[in-house]
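So the chains spell out like this:
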Amino acid sequence: MTINHSEITSSARRVLIHVDGKPIEAWEGQTVAAALWSAGRRQLRRTSRFEQPRGLFCGMGVCFDCLMQINGRPNVQACRIEVEDAMDVRTQQGPGTWGEAS
Amino acid sequence: MMRRDAVIIGAGPAGMSAAIAMAEAGLKPTVIDENAQTGGQIYRQRPSTRNHRAAPSHNGVVADRGADLRRRFDAVSDRIELLCNRQVWGIFESNRLAVTAPHRWQMIEAEHLLLAPGAYEYVPPFPGWTLPGVLTPGAAQIMTKTQAVLPGQRVLVAGTGPFLLVVAAALHEAGVNVLGVVEAVSRAELLRCGWRLFADLGLLREGGGYLRKLRRAGIPIYDGRIIVGASGDGEVSHVKFAACDRSWRPKKNRSQVIEVDTLCVGYGFVPRTELAQLAGCQLRWSNELGGWIPLIDAGQQTTVRGVWAAGDGAGVAGALVAQEEGTLAGLAMARQLGAIDDDCFEARRRPVVRRLARLRRFRAALDSLSRIRVGLDELCTDETIVCRCEELTQTEIDKGIDAGNNDLRSLKVATRLGMGPCQGRMCAPAMARHLAWRTGQAMDQSTPLQVRPPIVPLTLGDLAEPVSMDLPVQEQMLRETIA
């Protein structure tokens, strides 16, 4: 649902990440949260108590609402970590669990 | 352990200005920042790894100011030790800083320490505010400016303060359909108090410029109105706002609903005080300056000797004030360290103090307009989540208060308020006001939640790996960082 700036992205290197097993293309230097937002994925985790979806909120690492499981590690702030080739990104359920890094 | 004469935490406008003042005085300050580059939030740069051609500047004046500050910083950068991508997770006795390094950590002892951590946006709870697609104006700006992603196609910008105009204009220029700006302060009130804004004609003109830009684009300003709720199935799809009185209490019969895909909402800024608290600085409450702030003297020194504070983290007043305060602190620290004598200090300080006085008069007028009012505290329903991390509802918090927990610390113990990963940064400022309004206490009687290290997430694995105390290794790391 979101548009890219063509003038910014035209010369950037592309990176392929896996989000819940699905490939998503991103631009080098983008954060995971921005890459997912750009691909129309705004729900990044589900909460423990009411199982509600949450997404990017403060965008600067203060609110801890964009927590995801990234390369097997839970509770990673998607707004602070930059995409890397073949990164394994998963929607975090509740408090999150340690998983296998791909 | 690394020892340094002067360490600055934060490379935003205040930290950069302090570093420039100290480097020009012949010192070699160390600057630590959690981001990959200097600039802080306001002068944030695009990731350097992305090798794109320069995009047109989306907020002219501010971007120019950032570029100017960076030029001055770069001119003395051979005398500045810049440690990026580092977070200070603890401050221990005699200004020993625990600093993260990638997957490890190190200790840096600072003889003089300047805290310039900046601020974050104030978003008090309202129904629907946890829905994905509801985010702060700052988050939308970062996404547009540095991430090459537009936050939405139908975006409403809401809250209070001139930053909303800056973000709305930037989003519009980037190609977003900005549906409007919902500003809680009414035009009538602005006109009544607005004469005081003439304290700084340049800044007044700058604000007028943003307003004209929005008018030309046909973006409506809904003044004297307040967001009362957001709704949607899994993501925000509708936002309701209503006309409000001077206390920002909504008039129920004068509301409207619009369809959006994104809501940017923020009511000013909150100073980041975790580091000041870790350093043992005494705090005071200031309505005008955004909440709790470290108590400082005329030279920006806190109540702890050798610990200084400047910029929005010492009281929200914007980037221009931050730069002047940073310079003041830098000069005062340089004098303490014997790098400049009293005469030189006085001569360099005088013009800064003069500029600060004018800027502060302008800010005072702005702050009195944008002050947080009681209507904002009355938007929650019983089920509205007020603590985003622990998912506590308004009812649960009120039960805790009514059971006699009439300060934040006992409320935390009773309800788990602020115990989640954000450590109360999101909920505590709003809940402190809620507590005061519900119990009739004065805000200056309130105390903030306590802060304990680590203030940034660390795994036990990270903690188990301190960087070797071996100096060559540390210097190797520094060389890598500076390179």
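Keep in mind it's a predicted model, so treat the numbers as computed, not measured.

(A) View of the overall build of chain A. The helix and strand inventory of chain A stands at two helices and eight strands. Moving toward the C terminus, one meets the helices and strands of chain A in the order α-β-β-α-β-β-β-β-β-β. Taking as baseline every contact in chain A between residues at least 6 positions apart, the subset at least 24 positions apart corresponds to 45%.

(B) Inspection of the overall build of chain B at higher detail. Scanning chain B for helices and strands turns up 14 helices and 21 strands. Over its C-alpha atoms, taken along the principal directions, chain B stretches across nearly 70 × 50 × 45 Å. The burial tally for chain B puts 51% of its 483 residues in the buried class. When contacts within chain B are restricted to residue pairs at least 6 apart in sequence, those whose partners lie at least 24 apart make up 69%.

(C) Inspection of the environment of V123(B) at higher detail. Residues and elements named next belong to chain B. Residue placement: V123 occurs in the loop between β7 (119-121) and β8 (134-135). As a C-alpha pair, V123 and V257 span 134 residues in sequence and 20 Å in three-dimensional space. Excluding residues within four positions of it along the chain, V123 makes contact with W129, T136, V265, G266 and Y267.

(D) Layout of unusual backbone geometry. The step from P453(B) to P454(B) runs through a cis peptide bond, and the omega angle for that step is 0°. Inspection of the secondary structure assignment puts P454(B) in the loop between α12 (428-439) and α13 (460-463). In this structure, D20(A) takes a positive phi of about 50° despite not being glycine. The backbone phi angle of N85(B) is positive, close to 55°, even though this residue is not glycine. Looking at where N85(B) falls in the secondary structure, it is placed in the loop between β3 (81-83) and β4 (88-92).

(E) Spotlight on helix α11 (residues 408-415) of chain B. Residues and elements named next belong to chain B. All of the buried residues in α11 are L408, L411, K412 and T415. Axial view of α11: buried residues confined to an arc of 105°, hence all on one face. At the exit of α11 stands R416, carrying a positive phi of roughly 80°.

(F) Examining the sheet that holds strand β1 (residues 14-19) of chain A more closely. Residues and elements named next belong to chain A. Read across the sheet, five strands follow the order β2-β1-β7-β5-β6 without closing on themselves; strand pairing throughout is mixed. Strands with a single pairing partner mark the edges of an open sheet, and in this sheet they are β2 (22-27) and β6 (73-77). When the angles between neighbouring strand axes are averaged without regard to direction, this sheet yields 40°. Pairing geometry for strand β5 (residues 67-70) and β6, over three bridges, is antiparallel. Along β6, the bridge assignment pairs I70 with R73.

(G) The sheet that holds strand β10 (residues 177-183) of chain B, seen in detail. Strand order in the open sheet formed by five strands is β8-β15-β9-β10-β11 (chain B), with parallel pairing between adjacent strands. Two strands in the sheet have a free side with no partner beyond their single neighbour: β8 and β11 (221-223) of chain B.

(H) The arrangement of the domain arrangement of chain B in detail. We note that the domain assignment places domain 1 (2-120 + 270-340), domain 2 (123-267) and domain 3 (380-452) within chain B. Looking at the side of domain 2 of chain B that touches domain 3 of chain B residue by residue, the classes come out as four nonpolar, one polar and no charged.

(I) Geometry of the packing of helix α1 (residues 13-24) of chain B against helix α2 (residues 60-75) of chain B. Residue and element names in this part refer to chain B. Two numbers describe how α1 lies on α2: the axes approach to 9 Å, and their chain directions differ by 35°. Like other packed secondary-structure pairs, α1 and α2 cross with a definite hand, here left-handed. Here P13, M16, A19 and I20 of α1 lie close against α2, whose contacting residues are L69, R72 and F73. Residues belonging to the contact of α1 with α2 are distributed by class as follows: six nonpolar, no polar and one charged.

(J) Helix α4 (residues 163-173) of chain B, seen in detail. All names here are of chain B. Extensive coverage of α4 is indicated by the burial of ten of its eleven residues. Turning to α4, its buried residues number three or more, namely F163, L164, L165, V166, V167, A168, A169, A170, L171 and H172. Next to the buried residues of α4 lie α2, α3 (137-146), β9 (154-160), β10, α6 (201-216) and β15 (262-267). Residue G175 follows α4 closely and has a positive phi angle near 105°.

What counts, and where the lines are drawn
Residues numbered from 1 in each chain as written. Chains lettered and ligands numbered in written order. Predicted model: local features only at pLDDT ≥ 70, side-chain atom pairs only at ≥ 80, totals over all residues. Helix = DSSP H or I, 4+ residues; strand = E, 2+ residues; numbered from the N terminus. Contact = placed C-beta atoms within 7 Å. Buried ≥ 20, exposed ≤ 12 C-beta atoms within 10 Å, placed from the backbone. Arc of directions from axis to C-beta. Pairing = 2+ DSSP bridges. Axes fitted to C-alpha atoms, helices over the stretch in contact; angles between N-to-C directions. Domains from an automatic or database assignment. Nonpolar A, V, L, I, M, F, W, Y, C, P; charged D, E, K, R; others polar. Left-handed = near helix turned anticlockwise from the far one by under 90°.

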